Amino acid sequence: MRMVIQGGRVIDPAHQTDSIADLFIADGQVAGLGQPPGGFIPEQVIDAHKHIVCPGLIDLCARLREPGQEHKATIASETRAAAAGGITTLVCPPDTDPVIDEPAVVEWIRRRAKFAGQARVLTLGALTHRLRGEHLTEMAALQEVGCAGVSDGGHPIASSRVLRRALEYATTFGLTVFLTPLDPELGNGLAHEGQVATRMGLPGIPVAAETGMIARDLELIRDLGVRVHFGRLSSSRAVELIARAQAEGLPVTADVAVHHLHLTEMDLTHFDSRCHVRPPLRGLRDQAVLRAGLASGVLTALCSDHQPHEPDAKQAPFGDTEPGISGLDTLLGLSLRLVRDGVLSLPALIERLTWGPARILGLDCGHLGVGARADICVFNPETDWRVEPGILNSQGQNTPFLDWELQGRVTYTLLEGHIVYEGEG
Amino acid sequence: MSATHIQLDAQGRLLHFLTIEGLTHRHLTDILDTAESLRGVAERRVKKLPTLHGKTVVNLFFEASTRTRTTFELAAKRLSADVLNLNIATSSAVKGESLLDTLHNIEAMQCDMFVMRHSQSGAAEFMARHVKPHIAVLNAGDGCHAHPTQAMLDVFTIRRHKPDFPSLQIAIVGDILHSRVARSLIHALNILGAGNIRVIAPRTLLPAQVENLGVQVFHRLPEGLRDVDVVVMLRLQRERMEGALLPSEQEFFQQYGLTEERLALAKPDAIVMHPGPINRGVEIDSRVADGPRSVILEQVTNGIAVRMAIMSITLGHHARLTGEDA
């Protein structure tokens, strides 16, 4: 299949490209930009005038709920939502049921994703058996079947001894380790420890629950030289710790969930369970520093932290609800809002959604160089849309962004040169 | 919180009674004045008013309670309502049914008012968002968030002894962190313009940025009690020792227990309050609890009139809403 995407503004941060140009695709790969390759006769032409053409988005954290929680969502339903949101690669953390701690689960997810055919699903293997923080998993075997890295899967390892061994073992095989820093004991609360939690009578999660873990982890990394990615930072002090570690030359990266850049603890007022997330929404200053960290590149990726739920999971008093936001549908729109808010430029934003996460994963994707896989997102940055009930493609309708006016809608999503989504734009 | 809070209608009238936060001076004085007028009912030969005749009040207690549930029951009965008591302790048998299912089941029994206590902060507000519009929800305590009827009976009791709030210094002593009573009382006292509200507790029993609630923080009891007009002691739960919040009851009593000697630091006519149930020898010495300055039992009595007032005010607004003759 040969295709040309005509007249769009092509933004490819990996190659510092930002220009109006035609993009040529053949055999599932990028065949050229600007000038067609010799003898290129397209079978299909996509008109992308006034549209942005960029690499397909890479989401570093998306729970697809399969296997184990199919009442919340399935690989089929969520990869469809991803395609509609311009996301071509999803990274699935290991806290499925069963846990991704052995090759068979990896294979199973891969088969289901391939069958759905809507987006590429990468898996992170568990660092420890059943994520219990006790026994190491067979990381070499997990790597051989294609795990993109190993992770604590949202269950931080309390024992420094086990974590150190797990990091050492992972680095033996050159695996990147994905950690979610939140002290299991100190972080055992429901809301950011501050004036809102105090008023609401909700048990607080102090910032030290996050920074204490990061500080410990950084000391272990310093000794071992292992590549570590910290997922979903929530506090200003965490950003400062990571910035300092990077300045020292430690091989660490970090990301932030897009909802942490738009919501704060104030949104919990009236016990809105849709804003129940872990790590918790923190203060305005935290939000400002997270935004600045994304702009400066201390945070190299922006993700959805997608956690779809069935309605019942959120229909209870705040403390009895499950944490998480369904985020695939709103990732692009909420991200583009950061450009409008003057946080960072459009090319820089696209970088945090494509080439940034690709580098963290160490994969040859997230760019539009000749020969690259043609995973592409075409969107109209001017289209306004309103987040309305039932509008989400995800099976999980749990979003606190209901009634928000967002800008930017996907018109085409291509996965290896195939159109997996076509919208009105 | 804004005037659009779910407990108020468009005219700012009380439809539910969930939290003190966001209410006005007028709301509070209306309740206090109504309670004052209802206080005489208990002294009559027939202790009943027909206000809620034909209405059904359900006491829905997901947490154990004696005093609060009983005074709510008495209040409802003195207003001629039918009362249904459901004590749904958080047993595993109950866990299967969601709160929403429980709610719909009781709704199906055609009730008019829910009085609810639950261990989760925000549970009463959750109920109020999901009940049918003719039902009023009264919060009888939700987690560590609010216990607004207790706060109203506390300020009612204070007002009967010391009506000039701007001149008052009030100290609240003990486990502020876990106390819904303290949170609601602080809001109520601030709305009524109390001169100085103090909280006295060790750091482990104070929530973060508690001063933003409009209180002055003391860590030492003698300093905090100096010249106060009202001392409110809070109950200390024994579980706090296990959560590494305190070393022992003995040390707590030594540091924060109210004795006659310490009470002498307060104004000579200071009153002593406690929401109950009291732990003698843990937060308060028996001689103080049973002494002449204690108004603890008076609080219990006042609880009935205050709850009658809140019940008639909220259901009165509902009746207006549904076009009934209240």
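See the structure printed just above.
Caption draft 1: Just the overall build of chain B, in detail. Helices and strands together make up the secondary structure of chain B, namely 13 helices and nine strands. Computed over the C-alpha atoms, the radius of gyration of chain B is 19 Å, within 12% of the 20 Å expected from 2.2 N^0.38 for a compact globule of 326 residues. For chain B, the spread of C-alpha atoms along the three principal axes comes to 55 × 45 × 40 Å. Expressed as a percentage of its 326 residues, the buried residues of chain B come to 58%. Taking as baseline every contact in chain B between residues at least 6 positions apart, the subset at least 24 positions apart corresponds to 73%. Summed over all atoms, the accessible surface of chain B reaches about 13,300 Å², with 50% contributed by carbon and sulfur. The average position of the 35 basic charges and that of the 35 acidic charges among the side chains of chain B differ by 3 Å.

Caption draft 2: Representation of the overall build of chain A within the structure. Each helix and strand in chain A was counted, giving eleven helices and 18 strands. Since a compact globule built from 425 residues should have a radius of gyration of about 22 Å, the 21 Å found for chain A is in line with a globular shape. Based on the C-alpha atoms only, the size of chain A along its principal axes is roughly 65 × 50 × 45 Å. The 425 residues of chain A split such that 62% are buried. A separation threshold of at least 6 residues defines the contact pool for chain A, and within that pool the share at least 24 residues apart is 73%. On chain A, roughly 15,600 Å² of surface is accessible, and the fraction owed to carbon and sulfur atoms is 48%. Counting 37 positive and 52 negative side-chain charges, chain A places the averaged centre of each group 2 Å from the other.

Caption draft 3: Main features of the interface of chain B and chain A. Contacts between the two partners involve 24 residues from chain B, matched on the other side by 17 residues from chain A. Approximately 1,700 Å² of surface area, both sides summed, lies buried where chain B meets chain A, with 56% of it carried by carbon and sulfur atoms. Sorting the residues of chain B by area buried against chain A places B:Gln120, B:Ser121 and B:Ala208 first, and these three jointly supply 25% of that buried surface. Salt-bridge contacts for A:Arg199 lead to B:Glu21; the nearest nitrogen and oxygen are separated by 2.6 Å. Mapped by element, the contributors of at least two residues to the side of chain B that touches chain A are α4 (99-107), α5 (123-130) and α7 (180-191) of chain B. Here the side of chain B that touches chain A takes five residues from α5(B), the largest share from any one element. Here the residues of the side of chain B that touches chain A sort into ten nonpolar, ten polar and four charged.

Caption draft 4: Geometry of unusual backbone geometry. Residue A:Pro67 follows A:Glu66 across a cis peptide bond; omega there is 5°. In this chain, A:Asp97 is followed by A:Pro98 through a cis amide linkage whose omega measures 5°. Inspection of the secondary structure assignment puts A:Pro98 in the loop between β7 (87-92) and α2 (103-116). Unlike most non-glycine residues, A:His270 shows phi in positive territory, near 70°. One can find A:His270 in the loop between β14 (252-257) and α8 (284-296). Here A:His270 falls in the partly exposed class, since its relative accessible area comes to 25%. Despite not being glycine, B:Ala244 shows a phi value in the positive range, around 60°. Summarising the element assignment, B:Ala244 is placed in the loop between α9 (239-242) and α10 (249-256). Judged by relative accessible area, which is 64%, B:Ala244 ranks as exposed.

Caption draft 5: Structural detail: α2(A). Residues and elements named next belong to chain A. Its 14 residues give α2 an end-to-end C-alpha distance of 20 Å, which sits within 8% of 20 Å, the value for a rise of 1.5 Å per residue. Buried residues of α2: Val105, Val106, Ile109 and Ala113, and no others. Viewed along the axis of α2, the buried residues span an arc of 100°, placing them on a single side of the element. Among the exposed residues of α2, those pointing more than 90 degrees away from its buried face are Arg111, Lys114 and Phe115. Buried positions along α2 lie against α1 (75-84), β8 (120-126) and α3 (139-144).

Caption draft 6: Highlighting the packing of aromatic side chains. Residue and element names in this part refer to chain A. Scanning all chains against the criterion turns up four aromatic pairs over all chains. When the centroid spacing of 5.2 Å and the interplanar angle of 75° are considered together, the rings of phenylalanine 24 and phenylalanine 40 count as edge-to-face. With phenylalanine 24 in strand β2 (residues 17-26) and phenylalanine 40 in the loop between β3 (29-33) and β4 (44-47), the pair connects residues that are 16 residues apart, well separated along the chain. Each of the two residues, phenylalanine 24 as well as phenylalanine 40, counts as buried.

Caption draft 7: Layout of the sheet that holds strand β15 (residues 301-303) of chain A. All names here are of chain A. Strands sit in the order β6-β7-β8-β9-β10-β13-β14-β15 across an open sheet of eight strands; the sheet is parallel. The sheet terminates laterally at β6 (57-59) and β15, the two strands that pair on one side only. Neighbour to neighbour, the strand axes of the sheet diverge by 30° on average, direction disregarded. The sheet contact formed by β14 and β15 spans three bridges and is parallel. Across the sheet, residue valine 256 finds its bridge partner in β15, namely leucine 302. Sheet strands in contact with helix α6 (residues 208-224) are β10 (177-179), β13 (228-230) and β14, and its direction is about 170° off that of β13. Sheet strands in contact with helix α10 (residues 346-353) are β6 and β15, and its direction is about 70° off that of β15.

Caption draft 8: Representation of the nonpolar core in the model. Among the nonpolar cores identified, the biggest contains 95 residues, and A:Phe230 and A:Leu233 are the most heavily contacted of them. Looking at this core, you find at least three residues from each of domain 1 (2-53 + 373-422) and domain 2 (56-361) of chain A. In contact with A:Leu233, not counting residues within four places along its chain, are A:Pro181, A:Glu210, A:Ile214, A:Ala238, A:Val239, A:Ile242, A:Ala254, A:Asp255, A:Val256, A:His260, A:Leu290 and A:Leu299. Membership of the second largest hydrophobic core comes to 91 residues, among which are B:Ala75, B:Val230, B:Ile284 and B:Val306.

Cut-offs and rules
All residue numbers here refer to positions counted from 1 along the written sequence of the relevant chain. Starting at A for chains and at 1 for ligands, labels are handed out in the order in which the entities are written. Given that this is a predicted model, residues contribute local features only at a pLDDT of at least 70 and side-chain atom pairs are listed and counted only at 80 or more, while totals for whole chains, interfaces and linings are drawn from all residues. Only hydrogens and water are set aside when side-chain values are computed; all heavy atoms of the structure are taken into account. In DSSP terms, a helix is any run of H or I states spanning at least four residues, a strand is any run of E spanning at least two, and both are numbered starting from the N terminus. A radius of gyration in this sense is built from C-alpha atoms; the matching globule rule multiplies 2.2 Å by the number of residues raised to 0.38. Relative accessibility decides the category of a residue: with a 1.4 Å probe and only protein chains considered, values under 20% of the type maximum give buried, values over 50% give exposed, and everything between is partly exposed. Note on definitions: a residue-residue contact is assigned when non-hydrogen atoms from the two residues lie within 4.5 Å. Residue exposure ignores everything except the shown protein chains as possible cover, and the areas themselves are Shrake-Rupley values with a 1.4 Å probe. A residue counts as positive if it is Lys or Arg and as negative if it is Asp or Glu; His and the chain ends are not included. For the purpose of locating charges, the reference atoms are NZ of Lys, CZ of Arg, CG of Asp and CD of Glu. What gets called buried area is simply the loss in accessible area from a 1.4 Å probe that two parts show on being joined, summed for both. Every case where a carboxyl oxygen of Asp or Glu lies within 4 Å of a side-chain nitrogen of Lys or Arg is listed as a salt bridge. Nonpolar residues are Ala, Val, Leu, Ile, Met, Phe, Trp, Tyr, Cys and Pro. Charged residues are Asp, Glu, Lys and Arg, and all others, Gly as well, are polar. Multiplying 1.5 Å by the helix residue count minus one yields the expected span of that helix. Regarding the arc, it is the one traced by the directions from the helix axis to the C-beta atoms. Put simply, two rings from Phe, Tyr or Trp (the six-membered ring, in Trp's case) pair if the centres are within 6.5 Å, and we call them stacked under 30 degrees between planes, edge-to-face over 60, tilted for the rest. Strand pairing follows a simple DSSP-based rule, namely that at least 2 bridges must link the two strands. A fitted line through C-alpha atoms serves as each axis, taken over the contacting stretch for helices, and the angle formed by two N-to-C directions is quoted from 0 to 180°. Note on terminology: a nonpolar core comprises buried Ala, Val, Leu, Ile, Met, Phe, Trp, Tyr and Cys residues joined through side-chain atoms within 4.5 Å. Note that the domain bounds reflect an automated or database-derived domain assignment.

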